[in-house]
Amino acid sequence: MSDEFIREVDEEVRQERTQLLWKRYGRYVIALAVVIVLATAAGVFWRNYQQQQRAADSHTFIEAVTLAGQNEADSAIERLNALASDATPGYALLARLREAGVLAQKGDTDAAVVVYDRIADDSGVGRVYRDFATLMAVMHQVDTIDADSAETRLAGLLASDNAWRYSARELLAIAALRAGRTDRARELLEANADDPDAPQGVRARAAQLLATLAA
């Protein structure tokens, strides 16, 4: 009987403590639960909004690309400009890159380079895209840029782990040839020709240019 009595007393004490704790902290528990529910709901709403926004951005981007393909460059650029300003980050970047491409296609190379340079200088853009923009800016200036400037701009792309190193070597080799720096051109072309990880087309072009230089 004494053991049963002790258990009953313990149970009463636990219930009393629970009631006291609930009276003291219950409203905070409820508030926390409300916050969790609201946060979850907000997350769901935000994901749904992003999906809807991405769908709208995709539609606008496709429209702009279609206009560009129909030689409606000015209309395409207008759509892409609006998308770059208001779209989700991924589509905003795509719009800026496509805008630069459309500008180059219509012959406005200087304006295209300006857009590429802005992307390259944007710290909010991923490194691989910034490097690509740098590469494209130099490519569109390859007939006019001096070799030293090209070397300076593309130096960071020559690293062994950079995705654009093969294209950077090609551009620098062309710039070197234009400047009469045959040894530097040969060095860059040999790096591509001898690189087992380089795409087959890159290695073939390098070998052909090297054969031309040796002739």
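That block above? That's the structure.
Small disclaimer: the values here were computed from a predicted structure and weren't measured.

Some points on helix α6 (residues 147–154)
Turning to step 1, where the next piece is worked out: When α6 is considered as a whole, its buried residues turn out to be Ala-147, Ala-150 and Leu-154. What you see down the axis of α6 is that its buried residues fit within an arc of 60 degrees, all on one side.
Turning to step 2, where the next piece is worked out: Put simply, Asp-146 is the residue that caps the front of α6, since its side-chain oxygen is 3.2 Å from the backbone nitrogen of Asp-148.

A closer look at the pattern of salt bridges
Side chains carrying opposite charge are able to pair once their charged atoms draw close together.
Turning to step 1, where the next piece is worked out: Enumeration over the complete set of coordinates arrives at ten salt bridges.
Turning to step 2, where the next piece is worked out: Residues Asp-148 and Arg-181 are paired through a salt bridge, measuring 2.9 Å at the closest nitrogen-oxygen approach. Taken together, the residues span a long stretch of sequence, with Asp-148 in helix α6 and Arg-181 in the loop between α7 (165–178) and α8 (182–193) at a distance of 33 residues.
Turning to step 3, where the next piece is worked out: Put simply, Glu-151, Arg-184 and Glu-187 are held in one network by salt bridges that share partners.

A closer look at the packing of aromatic side chains
Turning to step 1, where the next piece is worked out: Taken as a whole and judged by the stated rule, the model has one aromatic pair.
Turning to step 2, where the next piece is worked out: Between the aromatic rings of Phe-132 and Trp-164, the centroid separation amounts to 5.1 Å while the plane-to-plane angle is 45 degrees, which identifies the pairing as tilted. Here Trp-164 lies in the loop between α6 and α7 and Phe-132 lies in helix α5 (residues 127–139), a separation of 32 residues in the sequence.
Turning to step 3, where the next piece is worked out: With relative accessibility at 24%, the residue Phe-132 sits in the partly exposed group.
Turning to step 4, where the next piece is worked out: Residue Trp-164 is classed as partly exposed on the basis of its relative accessible area, which comes to 25%.

Here we look at the environment of Ala-179
Turning to step 1, where the next piece is worked out: As for its placement among the helices and strands, Ala-179 is situated in the loop between α7 and α8.
Turning to step 2, where the next piece is worked out: Of the residues examined, Ala-179 reaches a relative accessible area of 43% and is grouped as partly exposed.
Turning to step 3, where the next piece is worked out: Along the backbone, Ala-179 and Ile-145 are 34 residues apart, and their C-alpha atoms lie at a distance of 9.9 Å.

Side note on the packing of α7 against α8
Turning to step 1, where the next piece is worked out: Interaxial distance between α7 and α8 falls to 8 Å at its minimum, and their mutual angle equals 160 degrees. Taken together, α7 and α8 sit at an angle that is classed as roughly antiparallel. By crossing handedness, the relation of α7 to α8 is classed as left-handed. Listed contacts from α8 to Tyr-166, Arg-169, Glu-170, Leu-172, Ala-173, Ala-176 and Leu-177 of α7 are Arg-184, Ala-185, Leu-188, Leu-189, Ala-191 and Asn-192.
Turning to step 2, where the next piece is worked out: A breakdown of the residues in the contact of α7 with α8 according to their chemical character gives nine nonpolar, one polar and three charged.

What counts, and at which threshold
- Residues numbered from 1 in each chain as written.
- Predicted model: local features only at pLDDT ≥ 70, side-chain atom pairs only at ≥ 80, totals over all residues.
- Heavy atoms only, no water.
- Buried < 20%, exposed > 50% of the residue type's maximum accessible area, 1.4 Å probe, protein only.
- Helix = DSSP H or I, 4+ residues; strand = E, 2+ residues; numbered from the N terminus.
- Arc of directions from axis to C-beta.
- Polar contact = N/O pair within 3.5 Å; in protein donor to acceptor, adjacent residues only side chain to side chain.
- Salt bridge = Lys/Arg side-chain N within 4 Å of Asp/Glu carboxyl O.
- Phe/Tyr/Trp six-rings, centres within 6.5 Å; stacked < 30°, edge-to-face > 60°.
- Axes fitted to C-alpha atoms, helices over the stretch in contact; angles between N-to-C directions.
- Parallel < 35°, antiparallel > 145°, perpendicular 65-115°, else oblique.
- Left-handed = near helix turned anticlockwise from the far one by under 90°.
- Contact = heavy atoms within 4.5 Å.
- Nonpolar A, V, L, I, M, F, W, Y, C, P; charged D, E, K, R; others polar.

By themselves these figures say nothing about function.
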